Amino acid sequence: MDIIWNVSICVTALVVVVISRWLYRWSNPKCNGKLPPGSMGFPIIGETLDFFKSYGFNETSPFITKRMSRYGTIFRTNVFGSNTVVVTDPDVMVEVFRQENTAFIFSLPGAFGKVLGKDEAIINHGKTHKHFKQITLNFFGPDGLKKKLLGNIDRGTCEGLRSKASVGSFDIKEAAGNLIIKHLIPKLISTLGAEAAENLKNIFMAFNLDWYQSFFSLSSWKALYRSCMASRDAMKVIKSVLLSRKESGEKHDDILNTIIEDVVLDDKYVIFQTYAIPIAAKDTTSVVMSMAVKYITNNPKVLLELKREHNAILQNRVDKKSEVSWEEYKNDMTFTNMVINESLRLVNLAPVMFRKTLRDVEIQGYTIPKGWMVFVATSLRHYDPTVYENPYEFNPWRWEGKQLVNFSKSFMVFGGGMRLCPGAEFARLQIAMFLHHLVINYDFSMAHDSEATRTPLVSFPNGIHMNISPIN
Ligand code: HEM
């Protein structure tokens, strides 16, 4: 009896020692220097639940601001199962972007990456990243848009709005998503027939980030399931086209073909990169567009100025029936671009950018160990009252006389450095075209006060509907 008793005590003591050591290791990870201050949260889940807590639209992430006031501008945590350092100092943020591929690389935190179906093999780095970036910029940079997309976007948006107006009311985010995917698919794969293109569009439309809203609701899990299925189906379509092209050797002027031209790449990588473009484009541009319409509807002075700008474009045209030209978009839509910048700033879409350290990195006297995630909290900058007076106010005039560039230390909505969004100009053009046709042709109002939340991505729990009717 005594022996059993003694063995039980020893085993219990051993278990306690092992668990205590594990808990200690969890809270005090190994580091060849001084770790930034912070807390790793609960074992396994870390501080993930806190990171995901929803907060008001006109707020900066309380997860970040609370820890900043406790620990300062750089702190450690564990989110999505990854040891992480959050950087909030603008100079450090720019430095992280500057050292892309030398000290930091783009990466997704463990659990999050698995949901999106990304593994390290298909995230592009180095030469493959450069190759893919060049291709996306060729298609969606100013030159590509001007030569190959402007007309389609103009006509497609005009027709899309006309068909929505015939119904009288619609969800702006959904309509915008539809437009964006419709314009992108022929650029990705130019050989799909009308039915196959419509089918692929529907698959992409089924992918959304609504599952982000809550861990605890059944609808989130259903949305996650639908998104996973949509990802699988979209990649299946892309794969079948890729394989048939490889077999036949046919060549086409589209992204799928251009990615494999002159380089040997893993099929899995090519398929993922092609699939990733609409995913990156849809739920970003459509949210900003929806909020831009909402801001305009709530600000009659802004609407008036927009109408003035767009009606002047029509009046100044020699051929009244002509479509929007690149010169009109670039030279005569200054106020529209100020509205777009202000909407981008306020929507503040990406709360953080994800990076991983390639080696131990020294920052402000602290060491971020190799392999740790780094969250670059660019969103803080856009609500910083020292940079933007009354930061929560929608005021397009604050951009008056300023250069409307896609990156500066105060404006990082499209990221920065080598990973700067290659779709920025496409997004701006699509929003500008939507506003152009909307303000010159329609009367519109919000159907109800559509609430926007951050979890931490922006979502509209009840949709974002507008009423619309042609101007008499
Ligand atoms: C308002 C709309 C958009 C916003 C706010 C936005 C934002 C961003 C941000 C912040 C990044 C950088 C991510 C990082 O550094 O970790 C990014 C990258 C990217 N975006 Fe966008 N984006 C938008 C629209 C688009 C569109 C329309 C497309 C495609 C046509 C697109 C394609 C991409 C791609 C392919 C990347 C990866 C770039 C790389 O890895 O070098 N985005 N976007």
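Residues numbered from 1 in each chain as written. Predicted model: local features only at pLDDT ≥ 70, side-chain atom pairs only at ≥ 80, totals over all residues. Heavy atoms only, no water.

A closer look at the pairing of strand β10 (residues 442-446)
At step 1: With burial as the criterion, only one face of β10 is covered, namely that bearing Y442, F444 and M446; the residues D443 and S445 on the opposite face remain uncovered.
At step 2: Where β10 and strand β13 (residues 465-470) come together, five bridges link them in antiparallel fashion. Along β13, the bridge assignment pairs Y442 with P470. (Buried < 20%, exposed > 50% of the residue type's maximum accessible area, 1.4 Å probe, protein only. Helix = DSSP H or I, 4+ residues; strand = E, 2+ residues; numbered from the N terminus. Pairing = 2+ DSSP bridges.)

Section: the nonpolar core
At step 1: One finds L200, V293, V347, F434 and L438 to be the most contacted residues of the largest nonpolar core, which totals 96 residues.
At step 2: Those residues in contact with V347 that sit more than four places away from it in its chain are F57, V287, V288, M291, Y295, R454 and V458.
At step 3: Among the nonpolar cores identified, the runner-up in size contains 21 residues, and V85, M93, I363 and V374 belong to it. (Core = buried A, V, L, I, M, F, W, Y, C linked by side-chain atoms within 4.5 Å. Contact = heavy atoms within 4.5 Å.)

A closer look at the side chain of K133
At step 1: Tracing the backbone shows K133 in helix α6 (residues 126-140).
At step 2: Of the side chains with opposite charge, E100 comes closest to the buried, unpaired K133, at an N-O distance of 8.3 Å.
At step 3: At 2.8 Å, the side chain of K133 forms a polar contact with the backbone oxygen of L420.
At step 4: If near-sequence neighbours (up to four positions away) are discounted, K133 is found in contact with M418, R419, L420 and P422. (Lys, Arg positive; Asp, Glu negative; His and termini not counted. Salt bridge = Lys/Arg side-chain N within 4 Å of Asp/Glu carboxyl O. Polar contact = N/O pair within 3.5 Å; in protein donor to acceptor, adjacent residues only side chain to side chain.)

What about the confidence of the model for the protein?
At step 1: Taken residue by residue, the protein gives an average pLDDT of 91. The fraction at 70 or more is 96%.
At step 2: Of the two predicted TM-score estimates for the complex, the pTM is 0.93 and the ipTM is 0.99. (pLDDT = per-residue confidence, 0-100.)

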